[in-house]
Amino acid sequence: MNGTLMIIGGGEDRTGSMDVLKRFVELAGGPTQPIAVITAASTVPDDVWGMYAKAFAELGVPGATHVRIERRAEAEDDMLAHRVAQARGIFMTGGDQRRLAATLGGTQLERAMRQAYLDGGACIAGTSAGASALCTHMLSEGKAELAPEKGAARLAAGLGFVSRVIIDQHFSQRHRINRLLSAIAQSPFLLGAGIDEDTALIVRDDGIEVAGTGNVTVVDCRRSRTNVADIRAGAVPEMLDVRLHLLPAGSHFSTAGDDAPLADFISYLTDRN
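Fair warning: this is a prediction, and the values are worked out from it, not measured in the lab. (Residues numbered from 1 in each chain as written. Predicted model: local features only at pLDDT ≥ 70, side-chain atom pairs only at ≥ 80, totals over all residues. Heavy atoms only, no water.)

A.B. asks: Sorry, what's going on with the sheet that holds strand β2 (residues 35-38) here?
C.D. replies: To summarise the sheet geometry, strands pair through backbone hydrogen bonds and adopt either a parallel or an antiparallel arrangement. Spatially, eight strands are ordered β3-β2-β4-β5-β1-β10-β11-β16 in an open sheet, and the strand pairing comes out mixed. Where the open sheet ends on each side, the last strands, each with one partner, are β3 (64-67) and β16 (252-254). Looking at each pair of strands side by side, their axes are set apart by 15 degrees on average, direction ignored. When β2 meets β3, the two strands line up parallel, connected through four bridges. Directly across from Ile35, in β3, lies its bridge partner Ala64. Relative to the sheet, helix α5 (residues 108-118) contacts β1 (4-8), β2, β3, β4 (89-92) and β5 (123-127), its axis offset from that of β4 by approximately 135 degrees. (Pairing = 2+ DSSP bridges. Helix = DSSP H or I, 4+ residues; strand = E, 2+ residues; numbered from the N terminus. Axes fitted to C-alpha atoms, helices over the stretch in contact; angles between N-to-C directions. Contact = heavy atoms within 4.5 Å.)

Listed below in structure tokens is the structure:
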């Protein structure tokens, strides 16, 4: 029984209506189900856990537990991996996606997450750095303020729950469209998805939806024409015929629907291989 992915753009409301976190609890099977909160991306894991412990307590979740991992060796612990495999909701917090991927990638704990997701029907959620790390091709760092630039964004290996899509987070709030364009121009095999704060892209076998208060921006350069291979590092590339899709909160798209412009995006996200 396949589970659900919940890819959150960071900055989700943790003190007010908490709509994104409420939806996570719902997708995990309700407040009585076990939830594991992984803070491996953060250098202040106890502080981050404190925020989420309070939020989940206010949502009436008695079974939320802290999976505290600071070193890669700790992610090979049998008992910890078993606990994560039994969770119905697994939530990866923000911090640094490079730190998260380096700590969890290829470990028993990462395999336990995959088992819970593919066999147990669990909801795997990542917010901010946790969202970026869900990808096979992870946007690891980069900055492009005024325009796309060759070399402005760098990719690294992520955890591999999402293939052929790059996730960027805090998207509108941090004006990251140029950063995502920089990455996609150099890797047109991939699609880009920029997710706003307090916004989640939810992926199930039967399709996708957008929840929260913001938007998801999809960038497709597969049919575009660019001179990025011929210009120097730091230069602005020509980018012709770039396709952009805006998916506001409340959008739903089915794998069985007639949504041709988004068909590949949906297919890549829902591919479990």
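A.B. asks: Please explain the side chain of His66 as it appears in this structure.
C.D. replies: Note that His66 resides in strand β3. Of the polar contacts made by the side chain of His66, one reaches the side chain of Thr39; its length is 2.7 Å. If near-sequence neighbours (up to four positions away) are discounted, His66 is found in contact with Val37, Thr39, Pro45, Asp46, Trp49 and Arg83. (Polar contact = N/O pair within 3.5 Å; in protein donor to acceptor, adjacent residues only side chain to side chain.)

A.B. asks: I would appreciate a short explanation of the environment of Thr4 in the present structure.
C.D. replies: Looking at the secondary structure, you find Thr4 in strand β1. With 198 residues separating them in the primary sequence, Thr4 and Ile202 have C-alpha atoms 7.1 Å apart. Leave out the neighbours within four places in its chain, and Thr4 touches Leu27, Tyr117, Ala122, Cys123, Ile124, Ile202, Val203 and Arg204.

A.B. asks: Please clarify how unusual backbone geometry should be interpreted in this entry.
C.D. replies: With the exception of glycine, the majority of residues adopt a negative phi angle, and the majority of peptide bonds are in the trans configuration. Even without being glycine, Met18 reaches a positive phi, approximately 55 degrees. Residue position: Met18 is located in the loop between β1 and α1 (19-27). A positive phi angle, close to 50 degrees, is found at His175, a residue other than glycine. Its relative accessible area of 60% is what places His175 among the exposed residues. (Buried < 20%, exposed > 50% of the residue type's maximum accessible area, 1.4 Å probe, protein only.)

A.B. asks: Honestly, the state of the cysteines in this entry has me stumped. Any pointers?
C.D. replies: What makes a disulfide is a covalent bond joining the sulfur atoms belonging to two cysteines. Scanning the model with the defined rule gives zero disulfides in all. Free of any disulfide, Cys123 has its nearest neighbouring cysteine sulfur in Cys135, separated by 16 Å. Residue class for Cys123 comes out buried when judged on its relative accessible area of 0%. (Disulfide = S-S within 2.5 Å.)

A.B. asks: Explain the packing of aromatic side chains to me, please; I cannot follow it from the model alone.
C.D. replies: Aromatic rings considered in pairs are described by the distance between their centres and by the relative angle of their planes. All chains considered together, the criterion is met by six aromatic pairs. Arranged with centres 6.2 Å apart and planes meeting at 80 degrees, the rings of Phe56 and Phe91 form a pair that is edge-to-face. A residue pair is termed long-range when its members are at least 10 positions apart, and Phe56 in helix α2 (residues 45-58) and Phe91 in strand β4 qualify at 35 residues. Note on Phe56: relative accessible area 0%, which makes it buried. Assessed through its relative accessible area of 0%, Phe91 is described here as buried. Look at Tyr117 and Phe161: their rings are 5.6 Å apart centre to centre, the planes differ by 65 degrees, and that puts the pair in the edge-to-face class. Linking Tyr117 in helix α5 with Phe161 in the loop between β7 (153-157) and β8 (165-169), this pair joins segments that are 44 residues apart in sequence. Pair check on accessibility: Tyr117 and Phe161 agree, each one buried. Every member of this aromatic cluster is reached through a ring pair, and the members are Phe24, Tyr52, Phe56 and Phe91. Taking the ring centre of Phe161 as reference, the NZ or CZ of Arg114 above it sits at 4.3 Å. (Phe/Tyr/Trp six-rings, centres within 6.5 Å; stacked < 30°, edge-to-face > 60°. Lys NZ or Arg CZ within 6 Å of the ring centre and 35° of its normal.)

A.B. asks: For this particular structure, what's the right way to read α5?
C.D. replies: Note that an α-helix has 3.6 residues per turn; residues three or four places apart therefore point the same way. For α5, every residue scored as buried is listed here: Leu109, Glu110, Ala112, Met113, Ala116 and Tyr117. Across the axial projection of α5, the buried residues extend over an arc of 155 degrees, all falling on one side. (Arc of directions from axis to C-beta.)

A.B. asks: Would you explain the nonpolar core in this entry?
C.D. replies: Core analysis: the biggest nonpolar cluster contains 53 residues, and Leu104, Leu109, Met113, Leu201 and Phe265 have the highest contact counts within it. Here this core gets five residues from one element, more than from any other, and that element is α5. Beyond its immediate stretch of four places on either side in the chain, Leu201 contacts Leu5, Met6, Ile7, Ile195, Ile208, Glu209, Val210, Val216, Phe265 and Leu269. Core analysis: the next-biggest nonpolar cluster, separate from the first, contains 25 residues, Phe24, Tyr52, Ala64 and Phe91 among them. (Core = buried A, V, L, I, M, F, W, Y, C linked by side-chain atoms within 4.5 Å.)

A.B. asks: Before we go on, may I ask you to explain the sheet that holds strand β12 (residues 215-220) in this structure?
C.D. replies: Taken together, the four strands give an open sheet; going across it, the order is β8-β9-β12-β15, and neighbouring strands pair in mixed fashion. Each of the sheet's edge strands pairs with one partner strand only, and the pair in question is β8 and β15 (243-248). Pairwise comparison of adjacent strand axes, ignoring direction, gives a mean angle of 20 degrees for this sheet. Where strand β9 (residues 191-195) meets β12, five bridges bridge the pair, whose relative direction is antiparallel. Among the inter-strand pairings, Gly192 is bridged to a residue of β12, identified as Val219.

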